[in-house]
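# Descriptive structure summary
Here is what each chain is made of, one letter per residue.
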Amino acid sequence: MTKTENTINIINVTVFTLVLGIGGLASLSMKKQAVSEIENRQLTPFPAYSDSALWNGNYFRQVDQYYADNFPLRNRWINVSGSFRNKFGFESGDIKIYEPANDAEANEITDTTKNTVNSGPLPDDGAVGEVKKRLFVFKNRAFEMFGGSTAMGKSYANVINSYNRLGIPGLQVYNLIIPVALEFELTEKYKKLQKPNRPAIESIYNELDSTIKKVWAIDEIRKHREEYIYFNTDHHWTSLGAYYAYRAFCETAGLTPVSLDTVRYKVKSTFLGSLYRLTRDPKLKENPDSVKYYLFRDSVRFYIGSSNSLTYWGKSKMYGEGANGSNSYSVFLQGDLPIVKMETQHNNGRKIAIVKESYGNAFAPFLVNNYEKIIVVDQRYYTGDFVAMLKKEGINELLFINNIFAAHTPFHIEKIKRLKK
Amino acid sequence: MVFASLIFLFLFLPLNLLLYYSTKNATWRNSILILFSLFFYGWGEPIWITLMIFSALVDYVNGRVIEKYRGTIGAKIGLVSSLIINLGLLATFKYSSFIVENVNQLFGTSFNLPHFALPIGISFYTFQTISYSVDVYRNEVKAQKSFLKFLMFVSLYHQLVAGPIVRYSHIAEEIDNRKEKLADISKGISRFCIGLFKKVVIANVAAELVAKYMDADASSLAVGGAWLGLIMFAIQIYFDFSGYSDMAIGLGWMFGFHYHENFKYPYTATSVSDFWRRWHISLGTFFKDYVYIPLGGNKKHIYLNLFIVWFLTGMWHGASWNFIFWGLYFFVFIALEKAFLLKTLKKLPKFFSHFYALLVIIPGWVIFYFTDTNKLYAYIERLFSFGSGNLWNVGLTSDLTAHLFWFIFAIIACMPVYHKAKAFFETSLKKPAIFETAAIAVNIVCIFLCVAQLVGKSYNPFIYFRF
């Protein structure tokens, strides 16, 4: 072998060992984080040792995850990966379809430690447990594509019915299903990409007991489709979108909705939400959202409750004003807590409990204009005695408010069912 | 543990290399390899280390028995016991459920289906040790006297979980007497990086599209979508498996071993027979040397021999009828080729043979993919429902264009570009140094891009893993 070849070999081996060696040392010595801001989830902690976990391989699997999750310069690597992927091809026409390959959020199903009250709002994880959704990015907005089955919708309706048939005297049950943004944006060209929402909602409402009041929020929202009712980069609706649903709800419930003309508000700007996190599409980055939240005149006493106690209520505020950046949606109700309570000065005897996932957060604040008491229960996290809580708080109205995906996802349907224990 | 993981790249491998080369003592080096290999294997499924060590012990003993009692009945006992135990292990852990299910179907019985977990790599290491026993019996190789060395052969993490099926006879000399050369280590590094890239950047990306289309409800797909999914699977499985073999071979070179090639650009094949001389070569040669030729090869009842070999080849891939059908699918074409087709193809331009080969091989993957016969039929139906009116849709265009450059790259990577480039620099330009230097840069780029992909991605499947 020639001298040149020998030198090249030496360089090759040296570079390779240095790269791996330095990377390895860095990974062992750099500080570990607990939460990833840009992925909006808790990073895998180092697993606790147990013999069973060792033998079935779970221990090592988690160590693998822990190592990957805490790898140095993780965020930079993710950005590189995203840019690299974008170079794999080009966009045809205006749209780009994404199939999120990694439902890492779904792995958070077991995390119910959200009872701890800390100073800041909790990260919004509205995507927990939902059916893997196809997304598409059109111009500079991202949309989820709905595709749930009628059978699943019927399953959801049955669970709601079971609450209606619990025999709690004087309890009025409502159901409000929220459509996805794409429902109002479809041109003929893209119509086939998703299942139409209204027939799916209608199918569910037809399965519900006649005594359950159905809220046709979708029709009210549709009238305002030109307005900023859904986020561009996040799967949630804006408070304006929630407002129109609130208007529809008031009509069904026999209430007068507050008029937004008279309400003050604040705005959190540069919000890049979940759909940006999932797709990392550069067009979305250039079109960030802003989160508007309304400051009603009503005096609201806001409390955070606990799954473990029917009597514990810790004072807090309705809005988590510390939320910002990709967490901005958590401004509503301090994020996804298992149970919160709002009491107002309206002594009209109307006391409502809302069962929701994260969409309900933007909706619930509007009710302080009309109700004496509002309890908001997150179907994913509340593990207390739901029925006992209803009775203790004297609840006479029960609203199930879910986005159309959740209403077709076994995970959510099960969670709602299990509230009853 | 898998090669394409951050822990392997940044902790396991550097530590292994460091410790291995920190000593000149051969026994220490072998011991280090064993320790790391057991740790590697135990990382995935600690409980099955015992089975693997047991299998190694059984054949270590058998090997010595065969040699000691050579020429007498003792040797035969050693061989038969090796076969029975190894095949028995395979039958129990991999095929028992399948066997019982079929017995129930055939005889109307209703035995309970046994549910054994499948130990990783059992299909590989049992075949490796069987080949050892047979080779010792045939006096093609001397029995290994050191259990340590034999255990190293069986457990070596380079090829334990996903092949190639390394024959003892191929590396007997190296087991006893390795000569680690700098040039080999350098080559091994480059080979490893290429394999890693194939797996992480090509196979894993293809896998996402495969999941999207082939795991969907077949009736909801456009015909074009069904084909796209299938082609993506053809890409995934090749780059996954050959990438893994590349990494295994590269790792071998880093430690002084020279495993035989397992893939030779199979998608450039000019016939089905040619394909099987290029795909998973270590398996094909195993069946040739240990089943086909002992049965009589092409000297007596060739078609029966071929049938048996392809039945077994299919079955090796999985305990399910679709894998057997996949094997027999190739039997049909290989039999036809041996009968007359090859002669006909030789008269045609190479392009036709090549086109014919791909036409058989690519669609064949659909039989391999679905273990559920209903899903299989539904998908095949979709592939050919040209009259359904649902041929293409907007989502497909989007997927295709979003991956177009990557797709073109993958197709080119199926061809011997690397070798042609290398040969160009070596023989035409007479400046191999340029190529070698470029390789260093390519290695770093590969690692860089693969690390980016691996960080935060838990989607890292390996298809041949459950074998």
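Just so you know, these numbers come straight off a predicted model, no measurement behind them. (Residues numbered from 1 in each chain as written. Chains lettered and ligands numbered in written order. Predicted model: local features only at pLDDT ≥ 70, side-chain atom pairs only at ≥ 80, totals over all residues.)

The subject of this paragraph is the overall build of chain B. Of the regular secondary structure elements, chain B holds 19 helices and zero strands. Projected onto its principal axes, the C-alpha coordinates of chain B cover approximately 70 × 65 × 50 Å. By the burial criterion, 46% of the 467 residues in chain B qualify as buried. A separation threshold of at least 6 residues defines the contact pool for chain B, and within that pool the share at least 24 residues apart is 73%. (Helix = DSSP H or I, 4+ residues; strand = E, 2+ residues; numbered from the N terminus. Buried ≥ 20, exposed ≤ 12 C-beta atoms within 10 Å, placed from the backbone. Contact = placed C-beta atoms within 7 Å.)

Moving on, we come to the overall build of chain A. Helices and strands together make up the secondary structure of chain A, namely 13 helices and 15 strands. Counting over 421 residues, chain A shows a buried share of 44%. Long-range contacts, defined as pairs at least 24 residues apart, comprise 74% of the intrachain contacts of chain A with a sequence gap of at least 6.

All names here are of chain B. Structurally, chain B comprises domain 1 (22-179) and domain 2 (184-263 + 385-466). Each of domain 1 and domain 2 has a C-alpha centre, and these two points are 30 Å apart. Counting from both sides, the interface comprises 15 residues of domain 1 and, opposite them, 16 residues of domain 2. For the side of domain 1 that touches domain 2, the leading source of residues is helix H7 (residues 168-176), giving three residues. (Domains from an automatic or database assignment.)

Our focus in this paragraph is the interface of chain A and chain B. Contact with chain A, which involves 52 residues of that partner, is made by 52 residues of chain B. For the side of chain A that touches chain B, the secondary structure elements donating two or more residues are helix H1 (3-29), helix H2 (51-55), helix H3 (58-69), helix H4 (74-86) and strand E3 (95-98) of chain A. Broken down by element, the residue count for the side of chain A that touches chain B peaks at 17 residues, all from H1 of chain A. Counted by class, the side of chain A that touches chain B contains 27 nonpolar, 14 polar and 11 charged residues. (Nonpolar A, V, L, I, M, F, W, Y, C, P; charged D, E, K, R; others polar.)

All right, on to the nonpolar core then. Formed by 140 residues in total, the largest nonpolar core has its most connected members in Leu196 and Ala206 of chain B. Other than its neighbours up to four places away in sequence, Leu196 of chain B contacts Phe3, Ala4, Met247, Cys446 and Cys450 of chain B. In terms of nonpolar packing, the next biggest core, distinct from the first, is built from 93 residues, Ile177, Leu278, Ala362 and Tyr381 of chain A among them. (Core = buried A, V, L, I, M, F, W, Y, C linked by C-beta atoms within 7 Å.)

Next up on the list: unusual backbone geometry. Pro164 of chain B follows Gly163 of chain B through a cis peptide bond whose omega is 0°. Mapped onto the fold, Pro164 of chain B is located in the loop between helix H6 (147-155) and H7. The backbone phi angle of Leu333 of chain A is positive, close to 60°, even though this residue is not glycine. By the secondary structure assignment, Leu333 of chain A is in the loop between strand E11 (309-316) and strand E12 (339-343). By the C-beta count within 10 Å, which is 27 here, Leu333 of chain A ends up buried.

One face of the sheet, then the other: side chains in a regular strand alternate in exactly this way. All names here are of chain A. Where burial is concerned, most of strand E14 (residues 373-378) is hidden: six out of the six residues are buried. Inspection of the sheet shows E12 paired to E14 by five bridges, in the antiparallel sense. Of the residues in E14, the one forming a bridge with Glu343 is Lys373. (Pairing = 2+ DSSP bridges.)

All names here are of chain A. An order of E7-E6-E15-E13-E14-E12-E10-E11 is seen for the eight strands of this open sheet, with the pairing classed as mixed. Strand pairing shows two members of the sheet lacking a second neighbour, strand E7 (213-215) and E11, which therefore form its edges. The average angle at which neighbouring strand axes cross in this sheet is 25°, direction not considered. Packed on one face of the sheet, helix H5 (residues 150-164) meets strand E6 (172-178) and strand E15 (397-403) and runs near 160° to E6. (Axes fitted to C-alpha atoms, helices over the stretch in contact; angles between N-to-C directions.)

Moving on, we come to helix H9 (residues 223-254) of chain B. All names here are of chain B. A rise of 1.5 Å per residue sets the reference length of H9, with its 32 residues, at 46 Å; its end C-alpha atoms lie 46 Å apart and thus fit the reference within 8%. With 30 of 32 residues buried, H9 is to be regarded as a mostly interior element. Just downstream of H9 lies Gly256, where phi reads positive at about 95°. (Expected span 1.5 Å × (residues − 1).)

Another point: the pairing of E12 of chain A. Across four bridges, the pairing between strand E10 (residues 301-306) of chain A and E12 of chain A is antiparallel. Bridge pairing links Tyr303 of chain A to Lys341 of chain A in E12 of chain A.

Per-residue confidence for chain B averages 91 on the pLDDT scale, and 98% of its residues sit at or above 70. In the model, residues 458-462 of chain B has pLDDT below 50 throughout and makes 14 contacts with residues more than four positions away in sequence or in other chains. (pLDDT = per-residue confidence, 0-100.)

Along an α-helix, a turn takes 3.6 residues, which lines up residues three or four apart on a common side. For helix H3 (residues 49-68) of chain B, which comprises 20 residues, the first-to-last C-alpha distance of 29 Å matches the rise-based estimate of 28 Å (1.5 Å per residue) to within 8%. In this structure, the buried side of H3 of chain B is in contact with helix H2 (26-44), helix H4 (73-107), helix H5 (122-137) and H6 of chain B.

To continue, consider the packing of H9 of chain B against helix H14 (residues 350-369) of chain B. All names here are of chain B. Put simply, H9 and H14 touch, their axes get as near as 9 Å, and they point 80° apart. In terms of their interaxial angle, H9 and H14 are classed as roughly perpendicular. Here Leu230, Ile231, Phe233, Ala234 and Ile237 of H9 lie close against H14, whose contacting residues are Ile362, Pro363, Trp365, Val366 and Tyr369. Classifying every residue of the contact of H9 with H14 by side-chain character gives 10 nonpolar, no polar and no charged. (Parallel < 35°, antiparallel > 145°, perpendicular 65-115°, else oblique.)

Residues and elements named next belong to chain B. Here Lys181 shows up in the loop between H7 and helix H8 (182-214). A count of 13 C-beta atoms within 10 Å places Lys181 in the partly exposed class. For the pair Lys181 and Ala248, spaced 67 residues apart in the sequence, the C-alpha separation amounts to 17 Å.

It is the contact of H1 of chain A with H8 of chain B, at a shortest axis distance of 9 Å, that shows an interaxial angle of 55°. Regarding the angle of H1 of chain A to H8 of chain B, the classification is oblique. Along this stretch, H1 of chain A crosses H8 of chain B, giving a crossing that reads as left-handed. Contacts between H1 of chain A and H8 of chain B involve Asn9, Ile10, Asn12, Val13 and Phe16 of chain A from the first element and Leu182, Ala183, Ile185, Ser186, Ile189 and Ser190 of chain B from the second. Of the residues that constitute the contact of H1 of chain A with H8 of chain B, the class distribution is seven nonpolar, four polar and no charged. (Left-handed = near helix turned anticlockwise from the far one by under 90°.)

Detailed reading of the predicted coordinates is not advisable wherever pLDDT falls low. All names here are of chain A. For chain A, the average pLDDT comes to 83, and 86% of its residues sit at 70 or higher. Across chain A, element-level confidence peaks in E7 with a mean pLDDT of 96 and bottoms out in strand E2 (residues 41-42) with 63. Low confidence marks residues 101-132, where pLDDT is under 50. Its contacts with residues over four positions away, or in another chain, come to 81 contacts.

Here we take up the environment of Pro14 of chain B. On the secondary structure map, Pro14 of chain B appears in helix H1 (residues 6-20). A residue is classified by how many C-beta atoms lie within 10 Å of it, and Pro14 of chain B, with 21 of them, is buried. Between the C-alpha atoms of Pro14 of chain B and Tyr292 of chain B, which are 278 residues apart in sequence, the distance is 42 Å. Not counting residues up to four positions away in its chain, the partners in contact with Pro14 of chain B are Thr17, Leu20, Gly21 and Gly24 of chain A.

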